[in-house]
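Residues per chain are reported as follows:
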Amino acid sequence: VFPLSFLSNCFQIKCDRVMNYSAAERCAFVKRTPDCSMEDGFINYLKLAFCLLPPNLTPLTITLFVEGLKHLEMHFIMFYPLPSFCPNLSAISSTLHCSHNVAGVTFLALGNGAPDIFSAMAAISHPHTAGLAVGALFGAGIFVTTVVAGSVALVKPFAVASRPFLRDVIFYMIAVFWTFVILFRGTTTLGETLGYLFLYVVYVLTVLISTWIYNRQKNSATNGLQHVPHIPESEYRPLLPYSESTREILLSSLNPVDNRKWRRKPWTWKVVKVTPLEVLLLLCVPVVDPDKEDRNWRRPLNSLHLITAPLLCVLVFQSGAYGGVMIQGEFPVWLLILLLGMFLAAIVFCTTTNDHPPKYHPLFAFLGFVVSAVLISATASEVVSLLHMLGVVLSLSNTVLGLTLLAWGNSIGDLFSDITIARQGYPRMAIAACFGGIIFNMLFGVGLGCLMQMYDTHSYFESEGLLTWILAGALGSSLVLSFLIVPLSQFHLGRTYGVFLLVFYCIFLLIALLTEFRIIHT
């Protein structure tokens, strides 16, 4: 019998083989097997499960990790960074004077698809977790184009806009076919990776050109419309002029609780709001809100942001890899960032007032965007590492975890938001969101993920076998069927079409699970 160290070093043993060993040998196997190393996360969940926790508590460990996964996806991605992510994107688009169409297919798509994109980038940047990205992107694609679109058709039957629908379906089919070819070969080149990003540029240009043609054909006179300024309901104008002190501004800015919203919100929201993490994010992430009269200018807090935001990025980026870097072996990088931040904060605080934001205030939106992106990326890396650990413990492939837990967690918000939009009488907007967002997610998730992998090594993928082809085939089939059925039904999406999409997803999920448990095999 060969020792574990010999087997782990001489052969590329997969980490999922750990369950073939006895409980006493699993910790040594995880420590000596390179495939079990988790370089991207702050926590090595495999060592935590097999070395620190008792073997007889494995069911409890799985339950706790699943709850932790749900908490990471729903709270740390959806509730914490995104509320600051989206206003900053809106401020950036208005600062750059982007049209509504350009902002919708770029900044808005990035704001809505940030969890999917960063999860895919974190997973696909390493070959042994690329199956998570494939499962999540393809699984979310099937879920959105069948369950979400079918639910919209059931709630509010309507006639879809023909040209935008065909445009989005065609571009998405091209992206899916391109990904399928890369998965079939198991490798990709720099030209193909850049082609992903270029394809999205072509898609944006197509949206702009088609919109321009439509507006010209319609020849609608929009110059006569008067713009009614939006008065945010969250602001109250006092009868008498009152100026808050710097201390009062700082304390009110760090208070995460809105007394008017507190009573009508559920208890889960209240629990999230009273956590210290909410205050920490307010202290570290600047938010520029174009819907507010003062654009959310808070002089003392924004000055502190110049210290805390760069420092947080250094300590969190790539799981804190740069936090301990020393300049010439003597001066830490984080201390240099801290000193520079204190210098800039002093300049901003001394040269501005509490009442009027400076001309460079929009630059804080870019800083807030970067910090939010770093936080979402770090959280996505933890989600991917946690899913990888669950796959090893439960003997499930990365692909099936991606198309179920990760895809559902990232897409459940789309389901509820699109159904709400459809019930409010905007089903066309809801169905457009179904296809427009997933195009952006796939092209940028795969494209940027491959670029990150190429930065370290040659980009290649480990296919999960038959399940991957079932996943790609199901997504391609759903798109082709929609491409054929919708025009034949005169672009009317009725309840029959909605039921068909929901049944299609149930059949796909059943086949995928039967394949995962080896009931269906080659």
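Conventions and cut-offs
Residues numbered from 1 in each chain as written. Predicted model: local features only at pLDDT ≥ 70, side-chain atom pairs only at ≥ 80, totals over all residues. Heavy atoms only, no water. UniProt positions renumbered as here; feature names shortened; annotations may be inferred. Helix = DSSP H or I, 4+ residues; strand = E, 2+ residues; numbered from the N terminus. Buried < 20%, exposed > 50% of the residue type's maximum accessible area, 1.4 Å probe, protein only. Contact = heavy atoms within 4.5 Å. Arc of directions from axis to C-beta. Expected span 1.5 Å × (residues − 1). Bend = angle between axes of the 7 residues up to and from the residue. Core = buried A, V, L, I, M, F, W, Y, C linked by side-chain atoms within 4.5 Å. pLDDT = per-residue confidence, 0-100. Disulfide = S-S within 2.5 Å. Salt bridge = Lys/Arg side-chain N within 4 Å of Asp/Glu carboxyl O. Axes fitted to C-alpha atoms, helices over the stretch in contact; angles between N-to-C directions. Parallel < 35°, antiparallel > 145°, perpendicular 65-115°, else oblique. Left-handed = near helix turned anticlockwise from the far one by under 90°. Nonpolar A, V, L, I, M, F, W, Y, C, P; charged D, E, K, R; others polar. Phe/Tyr/Trp six-rings, centres within 6.5 Å; stacked < 30°, edge-to-face > 60°.

As recorded in an unreviewed UniProt entry, the protein goes by Solute carrier family 8 member B1 and comes from Poecilia reticulata. As stated in UniProt under Subcellular location (unreviewed entry), the record for the protein gives "Membrane".

What follows deals with the overall build of the protein. Along the protein, the regular secondary structure elements total 21 helices and four strands. Going through the 522 residues of the protein one by one, you find that 46% of them count as buried. Long-range contacts, defined as pairs at least 24 residues apart, comprise 78% of the intrachain contacts of the protein with a sequence gap of at least 6.

When helix α2 (residues 23–32) is considered as a whole, its buried residues turn out to be R26, C27, F29 and V30. Buried residues of α2, seen end-on, are gathered within an arc of 165 degrees and therefore sit on one face of the element. In α2, the exposed positions that point more than 90 degrees away from the buried face belong to A24 and K31.

Between its first and last C-alpha, helix α10 (residues 190–218) extends 42 Å over 29 residues, near the 42 Å set by a 1.5 Å rise per residue. Bending of α10 peaks at approximately 25 degrees at the position of Y196. Turning to α10, its buried residues number three or more, namely E192, T193, G195, Y196, L197, L199, Y200, Y203, V204, V207 and T211.

This part covers the nonpolar core. One finds M442 and F508 to be the most contacted residues of the largest nonpolar core, which totals 90 residues. When residues of this core are assigned to their parent elements, the largest contribution, 14 residues, is made by helix α8 (residues 130–155). In this structure, V285, L312, V316 and V371 belong to the second largest nonpolar core, which totals 11 residues.

What follows concerns the confidence of the model for the protein. One rule of thumb: low pLDDT means the predicted coordinates there are not for detailed reading. In this model, the protein carries a mean pLDDT of 76, and residues with pLDDT of at least 70 account for 73%. Ranking the elements of the protein by mean pLDDT puts helix α1 (residues 4–10) last, at 42, and helix α16 (residues 333–351) first, at 93. Across residues 224–228, confidence stays below pLDDT 50; counting only partners more than four residues off in sequence or on other chains, it has zero contacts. Considering only residues more than four positions removed or in separate chains, one finds that residues 230–240, a stretch of pLDDT under 50, has 11 contacts.

What follows concerns the state of the cysteines. A complete count under the given rule lists one disulfide for this structure. Note on cysteine connectivity: C27 is disulfide-linked to C51, with sulfurs 2.2 Å apart. Handedness of the C27-C51 disulfide follows from its S-S torsion of about 110 degrees: it is right-handed. Here C51 lies in helix α3 (residues 45–52) and C27 lies in helix α2, a separation of 24 residues in the sequence. You can call C51 partly exposed: its relative accessible area is 25%.

Evaluated as defined, the whole model comprises two salt bridges. A salt bridge links R167 to D168; the shortest N-O distance between them is 3.1 Å.

Before going further, it helps to spend a moment on the packing of helix α9 (residues 162–185) against helix α20 (residues 466–488). At a minimum axis distance of 10 Å, the contact between α9 and α20 shows a crossing angle of 160 degrees. As judged from the angle between their axes, α9 and α20 are roughly antiparallel. With respect to the hand of their crossing, α9 and α20 are arranged in left-handed fashion. Taken together, the residues of α20 that come into contact with α9 (itself represented by F165, L166, V169, I170, Y172, M173, V176, F180, L183 and F184) are T468, W469, A472, L475, L479, V480, S482, F483, V486 and P487. Tallied by class, the residues present in the contact of α9 with α20 amount to 18 nonpolar, two polar and no charged.

Okay, the environment of T420 next. Positionally, T420 belongs in helix α18 (residues 398–423). Owing to a relative accessible area of 41%, T420 belongs among the partly exposed residues under this scheme. With 265 residues separating them along the chain, T420 and V155 place their C-alpha atoms 9.3 Å apart.

So, about the packing of aromatic side chains. For the coordinates displayed, the defined rule picks out eight aromatic pairs. Ring geometry for F180 against W469: centres 5.5 Å apart, planes inclined by 75 degrees, an arrangement best described as edge-to-face. In this pair, F180 is assigned in helix α9 and W469 in helix α20, connecting sequence segments 289 residues apart. Here W469 falls in the partly exposed class, since its relative accessible area comes to 28%. Between the aromatic rings of Y200 and Y203, the centroid separation amounts to 5.6 Å while the plane-to-plane angle is 45 degrees, which identifies the pairing as tilted. Of the two residues, Y200 and Y203 are both situated in helix α10; the distance of three residues between them amounts to about one turn of the helix.

This part covers unusual backbone geometry. The phi torsion at Q490 lies on the positive side, around 60 degrees, for a residue other than glycine. When you line up the elements, Q490 lands in the loop between α20 and β4 (492–493). Relative accessible area serves as the criterion here: at 66%, Q490 is assigned to the exposed category. Positive phi is not limited to glycine here, since F491 has a value of about 60 degrees. Inspection of the secondary structure assignment puts F491 in the loop between α20 and β4. Accessibility expressed as a relative area gives 18% for F491, which makes it buried.

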